[in-house]
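# Structural features, examined
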Amino acid sequence: MNTLIENTISFVKEKLAGAEAGHDWFHIERVWKLSKKIAETERCNTDIVELSALLHDIADPKFHNGDETIALTVSREFLENQHAEERTIEQVLFIIKNISFKNRGEAPENLPVELKIVQDADRIDAIGAIGIARTFNFGGFKNNLMYDPNIEPKLEMSKEEYKKSNGTTINHFYEKLLLLKDLMNTKEGKKIAEERHDFMLLFLDQFYKEWNVD
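These notes cover the structure that comes with them.

Here is what the cut-offs are and how they apply
- Residues numbered from 1 in each chain as written.
- Predicted model: local features only at pLDDT ≥ 70, side-chain atom pairs only at ≥ 80, totals over all residues.
- Heavy atoms only, no water.
- Helix = DSSP H or I, 4+ residues; strand = E, 2+ residues; numbered from the N terminus.
- Rg over C-alpha atoms; globule rule 2.2 N^0.38 Å.
- Buried < 20%, exposed > 50% of the residue type's maximum accessible area, 1.4 Å probe, protein only.
- Contact = heavy atoms within 4.5 Å.
- Areas by Shrake-Rupley, 256 points an atom, 1.4 Å probe, with all protein chains shown as cover.
- Lys, Arg positive; Asp, Glu negative; His and termini not counted.
- Charge placed at Lys NZ, Arg CZ, Asp CG, Glu CD.
- Expected span 1.5 Å × (residues − 1).
- Core = buried A, V, L, I, M, F, W, Y, C linked by side-chain atoms within 4.5 Å.
- Salt bridge = Lys/Arg side-chain N within 4 Å of Asp/Glu carboxyl O.
- Axes fitted to C-alpha atoms, helices over the stretch in contact; angles between N-to-C directions.
- Parallel < 35°, antiparallel > 145°, perpendicular 65-115°, else oblique.
- Left-handed = near helix turned anticlockwise from the far one by under 90°.
- Nonpolar A, V, L, I, M, F, W, Y, C, P; charged D, E, K, R; others polar.

For the rest of this paragraph, the subject is the overall build of the protein. Along its length, the protein carries 10 helices and zero strands. Across the protein, helices and strands are ordered from the amino to the carboxyl terminus as α-α-α-α-α-α-α-α-α-α. In terms of C-alpha radius of gyration, the protein reaches 17 Å, essentially the compact-globule figure of 17 Å for 214 residues. Projected onto its principal axes, the C-alpha coordinates of the protein cover approximately 65 × 35 × 30 Å. Taking all 214 residues of the protein together, 46% fall into the buried category. If you take every contact in the protein between residues at least 6 apart in sequence, the share linking residues at least 24 apart comes to 68%. Carbon and sulfur atoms provide 49% of the accessible area of the protein, an area that totals close to 11800 Å². Across the protein, the centroid of the 28 positively charged side chains sits 2 Å from that of the 38 negatively charged ones.

See the structure below:
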């Protein structure tokens, strides 16, 4: 492991100390490891992949009043202090800016493979057993209802509607999580996502059985 990666790990651990459990260092670590796993199957710049995975949620807009510039500023300042090359900084910032699900309609075409890898890894951590746990943790953090059969999922939200949404946790499966499998970029990402997607479907079936007690 090179010094820049080691320093980035230390920086992120310190920066995210006390963060909400679904967006803390352990989330970053899982995305970083998944990114490295997927990168083994693709021709890519592994340093860019690792740095972007480590910094992608350094200041998640959800916890900063929707401000999407803070993460870019923090990441640039850190990388400049580490004397990273400007080209490296620009590539990492591009990935941070364009990785989000809510920003998918704004992303340019022909995305670099490094972004595709980190995006897949981040989306994979949003589904499956870990994804379910993170979703309910965040729903509790926001004091959202787990489920209300009278509240329908909103399937065609704009970016601003998505950012402001306070729907139920179960509806979030239909508004985002169940869509992610078909948005994977890489062959390895698609393979990993398939199993996790199926697990979420099993979970939802069981949830409804337990909710709808006769």
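All right, on to helix α6 (residues 113-124) then. With 12 residues, α6 extends 16 Å between its outermost C-alpha atoms, agreeing within 8% with the 16 Å of an ideal straight helix rising 1.5 Å per residue. At its buried positions, α6 is contacted by α2 (25-39), α3 (46-55), α5 (86-98) and α10 (187-211).

This part takes up unusual backbone geometry. Residue histidine 83 is not a glycine yet carries a positive backbone phi of 60 degrees. Take histidine 83: it is sitting in the loop between α4 (70-81) and α5. A relative accessible area of 72% means that histidine 83 is categorised as exposed.

Turning our eyes to something else, we now look at the environment of alanine 71. Along the chain, alanine 71 turns up in helix α4. For the pair alanine 71 and glutamate 29, spaced 42 residues apart in sequence, the C-alpha separation works out to 17 Å.

If you look at the biggest cluster of nonpolar residues, it comprises 53 residues, and the most contacted ones within it are Val12, Leu54, Leu79 and Phe173. Where this core is concerned, the elements lending two or more residues are α1 (3-15), α2, α3, α4, α5, α6, α9 (169-175) and α10. In contact with leucine 79, not counting residues within four places along its chain, are Leu4, Leu51, Leu55, Ala84, Ile89 and Val92.

Counted under the stated rule, the structure contains eight salt bridges. Between aspartate 125 and arginine 134 there is a salt bridge, with its nearest N and O atoms 3.4 Å apart. Among the residues examined, arginine 134 registers a relative accessible area of 13% and is labelled buried. Where lysine 191 meets glutamate 188, a salt bridge forms, and the shortest distance between an N and an O atom there is 3.5 Å. Taken as a pair, lysine 191 and glutamate 188 lie in helix α10 at a separation of three residues, close to a single helical turn. Accessibility expressed as a relative area gives 57% for lysine 191, which makes it exposed.

Here alanine 21 lies in the loop between α1 and α2. On the basis of relative accessibility, which here comes to 47%, the residue alanine 21 falls in the partly exposed class. When the C-alpha atoms of alanine 21 and asparagine 137 are compared, they prove to be 7.2 Å apart, with 116 residues separating the residues in sequence.

Another aspect to go through is the packing of α3 against α5. Between α3 and α5, the least distance of the axes is 9 Å, while the angle of their chain directions is 50 degrees. It follows from the interaxial angle that α3 and α5 lie oblique. Of the two possible hands of crossing, α3 and α5 adopt the one that is right-handed. Two secondary-structure elements touch here, α3 through Ile48, Leu51, Ser52 and Leu55 and α5 through Thr88, Gln91, Val92, Ile95 and Ile96. Of the residues that constitute the contact of α3 with α5, the class distribution is six nonpolar, three polar and no charged.

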